Amino acid sequence: MNQLKTFILITFICIGLTSQSQTNIWDENPADSQIELDSLLILLPTSERAQKIPLLNRIAEIYWSIDPDKTIQYASEALQLSKQYGTKEQEGLALINLCQGYLFNDIFDKALQYGLQSLEIRKALGNDYDLAFTLRTLGWLYYDIGYLDKALEYHTETLKIHEKIGDKPRIAYSYNSIGLIYERQDNCTLALSFFKRSLELIENLNNKDRIAEAKKNMGICYRKINDLDLAKEYLESALEITNQIKYDQNKVYILHELSIVYLKLGDFEKSYALLKESRSIIETLSNNKEIDLENNRILSEYYLAKNNYKEAYNYYMKYAEGTSDIFSSNKSEKLAEMRILYEAERRENEIKFLEQQRNLEAQKRNYILIGSLLLVIIAILIIGSLWNNIKKKKALYLQSQKLSKEKLKTQSLERENLEHKLEFRTKELTNLALFISQRTSIYKDLTKSLKGLKFTDLKEVKKNIDALIKDYSFKFDLNEDIQRFHTNIENLQSDFLFKLKEKFPNLTDKDVQLAVQVKLKLSSKEIANINNISVNSVEIGRHRLRKKLGLDTKDNLVTFLEEL
């Protein structure tokens with residue numbers, strides 16, 4: 001589990017670095033992308049809404065060639081969130097992901113719509129890497145629908161940007177793209193020159209996918225010019241690399257081309273075996289319409305070469321029917337119309353904006369003179385007003401400062417007074433406790449003296465009693481003093497009593513009374529005198545109180561009660 005968390009964290013960091021380094025799925029080996037996809041799908045549900053945007057875009061990007069419907073799903077959510085949070089960079093990426101999703105699904109009008117919107121945003125942002133990627137995506141869109149001149153225009157513009165920033169991997173990619181356009185125009189000599197330049201650049205970069213792509217394209221060109229030995233050499237080399245990186249979709253294309261080469265060489269058995277192998281792979285792919293049709297077309301040629309005209313006709317009809325379903329001239333016309341309308345609308349908005357700018361400039365010139373005069377008048381008034389305000393504020397500040405000092409002084413005196421009162425009452429309470437203790441002690445001594453009288457001689461008894469009366473001539477009421485003591489405790493120690501009863505509701509009244517007397521730092525003897533009980537009873541009460549308060553033998557009872 002820890003390894004999984006670590007991997008997810010590393011993946012998230014890689015995503016942040018990806019956005020900075022401007023990489024995309026075409027710059028990576030497909031097998032690595034599947035590992036990243038699995039990690040991102042685990043990480044996505046736990047992410048916050050704003051943090052989801054780059055994750056959604058990255059997932060959408062990986063799904064381009066795996067499942068275009070998933071690309072559209074995740075890119076749509078990324079587009080909505082990026083608009084909500086105003087992140088234009090991520091909005092541009094979401095739009096180009098949508099363009100790719102619809103492009104792979106052969107929905108060319110929507111692909112163009114999102115591609116042009118992305119182009120507009122990325123031109124405004126001025127990031128050459130992102131702008132070049134959108135341009136080359138639009139180039140592939142026009143390539144797919146057969147607008148080869150337009151495709152060449154976009155890929156040439158992309159190449160210029162890549163050369164400007166000195167990005168060798170992307171320069172190689174642009175060479176390859178331009179080579180494909182010339183190859184489709186059957187200008188294989190010019191196409192091969194671009195493919196060779198592309199291969200020279202990427203052979204030292206260890207991107208096996210791109211190397212295999214360049215060799216495959218060179219093999220196709222050599223096949224078209226009937227140099228079958230070189231075609232076989234480059235295609236088999238591309239197939240070996242593709243098997244290493246386990247890129248099944250590209251492998252199907254290579255198998256198809258090799259089957260055509262072997263068909264031309266007259267090796268029908270090898271050609272059919274390659275077609276059969278590609279068919280088994282096609283059945284495992286989700287986006288397989290075009291390559292399935294290509295397989296049918298080559299099978300038609302295979303059976304034609306074998307003089308099996310019935311099977312050749314059947315496979316050719318499958319190919320023809322499928323081709324008409326995927327793309328029609330109506331879609332091409334719709335794209336052209338949409339492009340014209342989009343450009344016209346953008347141009348109209350630009351004209352309106354320029355007209356507004358001219359009107360604003362005219363209004364500014366008219367208001368400048370009046371505004372200048374008003375500014376002089378307003379400045380004079382403002383300066384005068386500010387000067388008066390400064391004087392008033394200064395006077396108010398000084399008065400407020402004086403009042404604040406007096407208020408602080410009064411509060412300080414009141415606080416000191418309260419502290420003195422509290423200290424006085426506490427001392428008074430302690431003195432009262434001591435007084436009660438002393439009187440109780442006197443009472444006990446008197447009782448002891450009375451018990452010691454001997455009644456054998458009445459004259460002697462009378463004499464002793466008179467002496468005792470003289471010694472203990474003061475009058476006291478012990479119960480009244482104790483009651484007054486406890487009343488003062490309740491008044492002065494009300495906060496302490498409330499906290500004690502709130503925290504320890506199981507304490508009895510005697511426990512609470514004992515806790516207060518201990519807090520006043522009265523000795524066990526003094527507490528015994530106040531309450532007219534034995535010292536032993538006080539010690540037992542203290543032990544019971546410590547137990548109810550949950551104290552260990554090492555804990556100080558007085559300190560605990562004071563801190564409470």
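Residues numbered from 1 in each chain as written. Predicted model: local features only at pLDDT ≥ 70, side-chain atom pairs only at ≥ 80, totals over all residues. Heavy atoms only, no water.

## Details of helix H3 (residues 49-62)
Phase 1: Taking 1.5 Å of rise per residue, 14 residues should cover 20 Å, and H3 covers 20 Å from first to last C-alpha, within 8% of that figure.
Phase 2: Buried within H3 are the following residues: Ile-53, Leu-55, Leu-56, Asn-57, Arg-58, Ile-59, Ala-60, Glu-61 and Ile-62. (Helix = DSSP H or I, 4+ residues; strand = E, 2+ residues; numbered from the N terminus. Expected span 1.5 Å × (residues − 1). Buried < 20%, exposed > 50% of the residue type's maximum accessible area, 1.4 Å probe, protein only.)

## Observations regarding the pattern of salt bridges
Phase 1: As enumerated under the stated definition, the model contains 19 salt bridges in all.
Phase 2: Asp-128 is the salt-bridge partner of Lys-164, the closest N and O atoms lying 3.2 Å from each other. Of this pair, Lys-164 sits in helix H8 (residues 148-165) while Asp-128 sits in helix H7 (residues 128-144), placing them 36 residues apart in sequence.
Phase 3: The exposure class assigned to Asp-128 is partly exposed, which follows from its relative accessible area of 21%.
Phase 4: A single salt-bridge network, built from bridges that share partners, covers Glu-36, Arg-58 and Glu-61. (Salt bridge = Lys/Arg side-chain N within 4 Å of Asp/Glu carboxyl O.)

## A look at the confidence of the model for the protein
Phase 1: Residues at a pLDDT of 70 or more form 80% of the protein, whose mean pLDDT is 81.
Phase 2: Counted against residues more than four places away or in other chains, residues 1-21, with its pLDDT under 50, gives 17 contacts. (pLDDT = per-residue confidence, 0-100. Contact = heavy atoms within 4.5 Å.)

## A closer look at H8
Phase 1: If you check H8, its first and last C-alpha atoms are 26 Å apart, about what 18 residues at 1.5 Å a residue would give, namely 26 Å.
Phase 2: Within the span of H8, buried status applies to Leu-148, Ala-151, Leu-152, Tyr-154, His-155, Thr-158, Leu-159, Ile-161 and His-162.
Phase 3: Positive phi appears at Gly-166, one or two residues downstream of H8, with a value of about 70 degrees.

## A short note on unusual backbone geometry
Phase 1: At Lys-246, a residue that is not glycine, the phi angle is positive and equals roughly 55 degrees.
Phase 2: Within the secondary structure, Lys-246 is located in the loop between helix H12 (228-245) and helix H13 (248-265).

## A few points about the environment of Ile-211
Phase 1: As for its placement among the helices and strands, Ile-211 is situated in helix H11 (residues 208-224).
Phase 2: A C-alpha to C-alpha distance of 7.5 Å links Ile-211 and Ala-238, two positions 27 residues apart in sequence.
Phase 3: Setting aside anything within four residues of it in sequence, one finds Ile-211 in contact with Leu-199, Ile-202, Glu-203 and Ile-241.

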